[in-house]
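# Analysis of the macromolecular model
What follows is each chain in one-letter form.
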Amino acid sequence: MSEFQKNSSFKINKIRFKIDFLDELLPEGFPSNSFIIFSGEGGISKTFILHLILFSFLRRKYTGIYLCVDEHPLSVYQYILQNKNGKNYLEQGKIILVDLFSYNLNFPSLINNKILPNIVVLPHNKKWSEITSFVINLVDSLSSKNSKIIVIIDSLTEIAYNIGINQALDLVKVLRMEICKKRNIPIFASMHFGIKAFEEFEQMLDYISDGVFDLRYDPIMLQKGFLVKQIRIRKIRGSPHSLTWHSFIIARDTIRAWEYEEKDVGGLNTKVIKGI
């Protein structure tokens, strides 16, 4: 039996985020073998959404592999501990943090660090093939214990900055094929939008990926002095989805539709968020 035949025997299911706001945009869910990107400028809540997705899948007995690229694993670890079940997930090995932040920095190794369990340190190198082999081997090692796995990458832009745009594109292509397509494991990644040096990289990722969520500030509300965050689905292969921009807020540890009411505040008519 060929490798293709062996790895094509699984069923491609539609899965949901189990996050009400996002599921409303994708009424039938998305294919389980998808590589999905959340793209937007800094401070637009890309990382927060990735954390929401991580915890949603952990509650469904998945194991999460989190590639820490933008931030040191210690920072991600501290955020995870803020979740009521975060400590248990870490102690049970349900979350594996892969340190790519220290990739080109002379930080002390975190291997065998008793304070930060389940942190994997990638040896310093600049070969994309070694990064992909490392991640694929980690996935295979964990799948022997639990076949339900997701991979989080935060962010692709920082990887491109570290190893170069062409190598980063090759890395994405291989991870998408080897992990998403051959192993039926979804990957969720962030990408910083609006950096001129990476415009070509952004365009190529749009073409390669299976799904792209765009995030922005509402341009009309911005002119009026309001920072209203919006999200839309640019594409999701194999799934019907909303095509319009949806305003949202981060409240009560989740993402919700942004609803407002007009009120007189200090003699000025302004918009006030409902239900907060």
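Residues numbered from 1 in each chain as written. Predicted model: local features only at pLDDT ≥ 70, side-chain atom pairs only at ≥ 80, totals over all residues. Heavy atoms only, no water.

Helix and strand content of the protein chain: 10 helices and 14 strands. Counting the 276 residues in the protein chain, one finds 49% classified as buried. Put simply, of all contacts in the protein chain between residues at least 6 apart along the chain, 66% involve residues at least 24 apart. Accessible surface, the protein chain as shown: approximately 14,000 Å² in total, 52% of it carbon and sulfur. (Helix = DSSP H or I, 4+ residues; strand = E, 2+ residues; numbered from the N terminus. Buried < 20%, exposed > 50% of the residue type's maximum accessible area, 1.4 Å probe, protein only. Contact = heavy atoms within 4.5 Å. Areas by Shrake-Rupley, 256 points an atom, 1.4 Å probe, with all protein chains shown as cover.)

We now examine helix α6 (residues 128-143). For α6, which comprises 16 residues, the first-to-last C-alpha distance of 23 Å matches the rise-based estimate of 22 Å (1.5 Å per residue) to within 8%. Of the surrounding elements, those touching the buried residues of α6 are β4 (63-68), β5 (95-99), β7 (149-154), α7 (156-163) and α8 (165-181). (Expected span 1.5 Å × (residues − 1).)

Another point: the packing of aromatic side chains. Scanning the entire structure with this criterion turns up 10 aromatic pairs. When the ring of F38 is compared with that of F213, the centres are 4.6 Å apart and the planes differ by 25 degrees; the resulting orientation is stacked. Separated by 175 residues along the polypeptide, F38 in strand β3 (residues 35-40) and F213 in strand β9 (residues 211-217) bring together distant segments of the chain. In terms of burial, F38 and F213 fall into one category: buried. Put simply, the rings of F17, F30, F38, F57, Y62, F188 and F213 touch in pairs and so form one group of aromatic residues. Directly above the ring of F57 sits R60, whose terminal nitrogen or CZ lies 4.2 Å from the centroid. Over the face of the ring belonging to W245 we find R216, whose NZ or CZ atom lies 3.9 Å from the ring centre. (Phe/Tyr/Trp six-rings, centres within 6.5 Å; stacked < 30°, edge-to-face > 60°. Lys NZ or Arg CZ within 6 Å of the ring centre and 35° of its normal.)

Grouped together as the largest cluster of nonpolar side chains are 42 residues, with contacts concentrated most on F17, F30, F38, L97, F188, F213 and I231. Here the element with the most residues in this core is helix α3 (residues 46-58); it accounts for nine residues. F30 has contacts with N13, K14, I15, R16, F17, I36, F57, F188, I236 and S239, leaving out every residue within four places of it along the chain. In terms of nonpolar packing, the next biggest core, distinct from the first, is built from 36 residues, I96, L156, C180 and I208 among them. (Core = buried A, V, L, I, M, F, W, Y, C linked by side-chain atoms within 4.5 Å.)

Along helix α9 (residues 199-208), the residues classified as buried are F201, E202, L205 and I208. All buried residues of α9 project into a common sector of 125 degrees when viewed along the axis, lining one side. Along α9, exposed side chains directed more than 90 degrees from the buried face belong to E200, Q203 and Y207. Tucked inside the fold, the buried residues of α9 contact β3, α7, α8 and β8 (187-192). (Arc of directions from axis to C-beta.)

These values are about where atoms sit, not about what they do.
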